[in-house]
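This is what each chain is made of:
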Amino acid sequence: MTTLAIKINGRAHGPTDVSDDLTLNDFLREYLGMTGTKFGCGAAQCLSCAVIVDNADGTSFTSPTCVVSAASFNGKSIRTVEGHAKDGKLSALQTAFIEKFAFQCGYCTAGFLNEGQVLLERLAKKPVARGDLETTIVEALDGHICRCTGYVKYHEAVRDVILADAKRYLIAGL
Amino acid sequence: MTSELRRQILVSVAALTMSVLTNDAISDTAADKLASPESFASIAAPEQRSVAYFVELGKVLTHPRCVNCHPAGDRPHQGDESRLHQPPVTRGVDGHGLAAMRCSICHQGANFDPGRVPGHPEWHLAPREMAWRAKRSARSAFRSRIANVTAAGRWRISSTISAATPWSAGPGRPGLAAIPHPARR
Amino acid sequence: MGVGYALLEHLPPFEDGPGNGQWNLGQYLVARGSDLPLHDLEIEVLPPATPNEHPKGMAEVVMIPVVPALLNAIFDATGRRFQSLPVTPTMLKGALA
């Protein structure tokens with residue numbers, strides 16, 4: 001048993017006593033009832049379980065939750081899909097997903113949202129050239145499997161959010 | 001080459017083989033068993049004993065699950081059958097993965113059995129120079145290393161088998177328990 | 001789905017495959033974004049037959065022509081007709097050799 005104190009979407013949870021065997025996925029879905037994060041393959045292949053982990057230095061990355069222990073997140077700060085909308089207002093990426101009809105059954109969508117959000121934040125810090133944009137998006141989203149859509153509209157949605165704010169995300173003049 | 005350094009080399013190599021359980025003589029060892037350190041004592045010349053150690057060591061280093069993370073290309077393999085690693089991760093700039101898929105995100109500091117994911121604080125691809133899963137067979141790569149060893153590079157043995165922590169990959173993955181893994185220098 | 005069916009989803013029956021109880025998405029390879037020409041697709045939306053026609057989806061039915069289209073493309077490129085699926089990269093290398 002270990003103690004877990006974790007910040008989720010800006011809100012502190014715990015300290016709770018959790019078993020060392022408990023995955024973060026189970027902690028979110030079963031203990032906290034936050035079922036926006038899904039459980040897909042349980043083998044870090046599909047990334048429908050991915051959440052955003054925020055480092056102290058301001059960088060973020062997505063992490064699967066199905067193969068990592070909840071205890072290893074003690075003291076960390078994560079964001080789940082439930083935390084994207086602020087006061088009921090959807091984020092730019094969420095709006096783009098809806099308008100582009102990017103998802104169908106929705107099971108992979110939380111993962112794609114988290115990954116897309118991390119990509120946007122990373123590009124805001126380190127923009128890329130317009131010519132590299134499509135490859136950058138493919139590399140970022142490639143870990144996520146979607147069975148329904150064929151990925152096209154997910155990629156278009158992310159790309160359009162980036163192009164709509166090109167000054168922030170792309171290297172000017174390239 | 002001082003005798004002190006030579007002693008250190010032999011000690012470190014012996015320490016490696018010390019971790020094994022069988023008592024078979026060198027010539028009788030099967031592919032999945034390693035010779036005990038004592039069985040090398042019959043080789044008097046230190047240089048030849050080093051070579052014999054290294055050849056025996058080769059059995060460990062050409063094991064599929066070691067070779068999996070020593071690719072010549074950019075993608076690791078996984079499993080005893082050495083299939084391509086899924087999800088399709090790649091070397092990245094520093095051997096630790098792409099920005100969106102760092103090795104350490106899934107492979108954390110220790111094995112996590114409920115997720116069947118092995119872990120170690122130093123989880124990443126070996127540099128391309130250590131590509132044992134190479135264009136030619138791994139065995140011939142080792143034979144050429146042995147030639148280097150006896151010529152001028154005896155120090156190379158100890159440099160590649162430097163301080164290591166025992167690494168066991170978890171349940172269902174037999175054969176690599178308690179074998180020291182070369183840590184990154 | 002069609003791309004996976006034609007090129008990736010190798011599924012041996014019984015214990016050679018998922019019948020052994022060990023398979024997951026690491027063995028059963030489905031198409032990922034990098035397997036598809038995401039920016040090279042020409043999507044043609046057909047106009048409705050009548051002005052008041054409701055839009056309809058046809059779900060997985062759309063996959064049916066994808067597989068023969070891919071196999072025809074492979075024949076066009078290599079001169080070889082494959083009769084079993086999936087046509088894996090190894091098989092293609094054999095056809096090109």
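Residues numbered from 1 in each chain as written. Chains lettered and ligands numbered in written order. Predicted model: local features only at pLDDT ≥ 70, side-chain atom pairs only at ≥ 80, totals over all residues.

## Considering the overall build of chain B
Our working rule: Working definition: helices are DSSP H or I runs of at least four residues, strands are E runs of at least two. Numbering for both runs from the N terminus. Put plainly, a residue is buried at 20 or more neighbouring C-beta atoms within 10 Å of its own, exposed at 12 or fewer, and partly exposed in between, counting only other residues' C-beta atoms, which are placed from the backbone. Distance between backbone-placed C-beta atoms decides contact: two residues are in contact if it is within 7 Å.
Across its full length, chain B carries six helices and six strands. Helices and strands in chain B line up, N terminus first, as α-α-α-β-β-β-β-α-α-α-β-β. Here chain B holds 185 residues, and 22% of them are scored as buried. A separation threshold of at least 6 residues defines the contact pool for chain B, and within that pool the share at least 24 residues apart is 47%.

## Describing the overall build of chain A
Threshold: Here the globule rule is a power law, 2.2 Å times the number of residues to the power 0.38, and the radius of gyration is based on C-alpha atoms.
Looking only at helices and strands, chain A features six helices and five strands. Each helix (α) and strand (β) of chain A, taken in turn from the N terminus, gives the series β-β-α-β-β-β-α-α-α-α-α. Relative to the globule expectation of 16 Å for 174 residues, the C-alpha radius of gyration of chain A, 16 Å, shows essentially globular dimensions. Across its three principal axes, chain A shows a C-alpha extent of roughly 55 × 35 × 30 Å. Expressed as a percentage of the 174 residues in chain A, the buried residues total 44%. Restricting the contact set of chain A to residue pairs at least 6 apart, pairs at least 24 apart contribute 66%.

## A few points about the confidence of the model for chain B
Residues and elements named next belong to chain B. Put simply, the test is: By definition, pLDDT measures how confident the predictor is in each residue, and it falls between 0 and 100.
Confidence along chain B averages 67 in pLDDT terms, with 53% of residues attaining 70 or more. Within chain B, no element has a lower average pLDDT than helix H6 (residues 155-160), which sits at 37, and none a higher one than helix H4 (residues 103-106), at 91. Low pLDDT, under 50, characterises residues 147-167; the stretch is placed with 43 contacts to residues that sit more than four places away or in other chains. Per-residue pLDDT stays below 50 along residues 174-185; that stretch engages in 33 contacts with residues further than four places along the chain or on separate chains. With a pTM of 0.78, the predicted complex shows an ipTM of 0.82.

## Overview of the interface of chain A and chain B
The cut-off we apply is this: By the convention adopted, Pro, Cys, Tyr, Trp, Phe, Met, Ile, Leu, Val and Ala count as nonpolar, Lys, Arg, Asp and Glu as charged, and the other residues, Gly among them, as polar.
Counting from both sides, the interface comprises 18 residues of chain A and, opposite them, 14 residues of chain B. Within the residue set of the side of chain A that touches chain B, elements represented by two or more residues are strand E4 (60-63), helix H3 (109-125) and helix H4 (133-141) of chain A. If you tally residues by element for the side of chain A that touches chain B, the top one is E4 of chain A, at three residues. Considered class by class, the residues forming the side of chain A that touches chain B number seven nonpolar, seven polar and four charged.

## Considering H4 of chain A
Residue and element names in this part refer to chain A. What counts, and what does not: Each direction from the helix axis to a C-beta atom contributes to the arc, which is the arc of those directions.
Within H4, the full set of buried residues consists of Leu 133, Thr 136, Ile 137, Ala 140 and Leu 141. One face of H4 carries all of its buried residues, which in axial projection span an arc of 115°. For H4, the elements touching its buried residues are H3 and helix H5 (152-164).

## Things to note about the domain arrangement of chain A
Residues and elements named next belong to chain A. To be explicit about the condition: Note: domain ranges come from an automatic or database domain assignment.
According to the domain assignment, chain A consists of domain 1 (2-83) and domain 2 (92-169). Just the C-alpha atoms count here: the centres of domain 1 and domain 2 sit 22 Å apart. Each partner contributes to the interface: domain 1 provides 16 residues, whereas domain 2 provides 13 residues. Elements with a minimum of two residues in the side of domain 1 that touches domain 2: strand E3 (51-54) and E4. By residue number, the principal contributor to the side of domain 1 that touches domain 2 is E4, which donates three residues.

## Notes on the nonpolar core
The condition is simple: For this analysis, nonpolar core means a set of buried Ala, Val, Leu, Ile, Met, Phe, Trp, Tyr and Cys residues linked through C-beta atoms within 7 Å.
Grouped together as the largest cluster of nonpolar side chains are 57 residues, with contacts concentrated most on Val 67, Ala 70, Ile 78, Phe 97, Tyr 154, Ala 157 and Val 158 of chain A. Elements that contribute at least two residues to this core include exactly strand E1 (2-8), helix H1 (24-31), E3, helix H2 (92-99), H3, H4 and H5 of chain A together with H4 of chain B. When we break this core down by domain, the ones giving at least three residues each are domain 1 (2-83) and domain 2 (92-169) of chain A. Not counting the four nearest positions on each side in its chain, Val 67 of chain A is found in contact with Ala 43 and Ala 44 of chain A together with Cys 106, Phe 112, Gly 115 and Val 117 of chain B. Leu 34, Ala 35, Phe 40 and Ala 52 of chain B belong to the second-largest nonpolar core, a separate cluster that totals six residues.

## Overview of the pairing of E4 of chain A
In regular strands, side chains alternate between the two faces of the sheet. Residues and elements named next belong to chain A. The line we're drawing: Between any two strands, pairing holds if DSSP finds at least two bridges.
Where E3 and E4 come together, four bridges link them in antiparallel fashion. The residue of E4 that forms the bridge with Val 51 is Ser 63. The turn linking E3 back onto E4 is made up of five residues, and Gly 58 within it adopts a positive phi angle of 95°.

## Quick look at the packing of H2 of chain A against H5 of chain A
The packing of two helices is summarised by the inter-axis angle and the distance between the axes. All names here are of chain A. What counts, and what does not: Note on geometry: axes are C-alpha line fits, over the in-contact stretch for helices, and angles between N-to-C directions span 0 to 180 degrees. Orientation categories follow fixed angle ranges, with anything under 35 degrees roughly parallel, anything over 145 roughly antiparallel, 65 to 115 roughly perpendicular, and all other angles oblique. Throughout, a crossing is termed right-handed when the near helix is turned clockwise from the far one, and left-handed when it is turned anticlockwise from it by less than a right angle.
In the contact formed by H2 and H5, the axes pass within 9 Å of each other and the chain directions differ by 130°. Classed by the angle they form, the pair H2 and H5 counts as oblique. In the crossing of H2 with H5, the sense of the turn from one axis to the other is right-handed. When H2 is examined against H5, the residues Ala 92, Leu 93, Ala 96 and Phe 97 are found in contact with a partner set consisting of Ala 157, Asp 160 and Val 161.

## A short note on the environment of Thr 95 of chain A
Assignment of secondary structure puts Thr 95 of chain A in helix H2. Along the backbone, Thr 95 of chain A and Val 68 of chain A are 27 residues apart, and their C-alpha atoms lie at a distance of 30 Å.

## Quick look at the sheet that holds E1 of chain A
Residue and element names in this part refer to chain A. Read from one edge to the other, the open sheet built from five strands follows the order E2-E1-E5-E3-E4, with strand pairing classed as mixed. Both outer strands of the open sheet, strand E2 (11-18) and E4, are each paired with one neighbouring strand and no more. With strand direction ignored, the average angle separating the axes of adjacent strands in the sheet is 35°.

## As for the environment of Arg 11 of chain A
Looking at where Arg 11 of chain A falls in the secondary structure, it is placed in strand E2. Between the C-alpha atoms of Arg 11 of chain A and Ile 78 of chain A, which are 67 residues apart in sequence, the distance is 9.6 Å.

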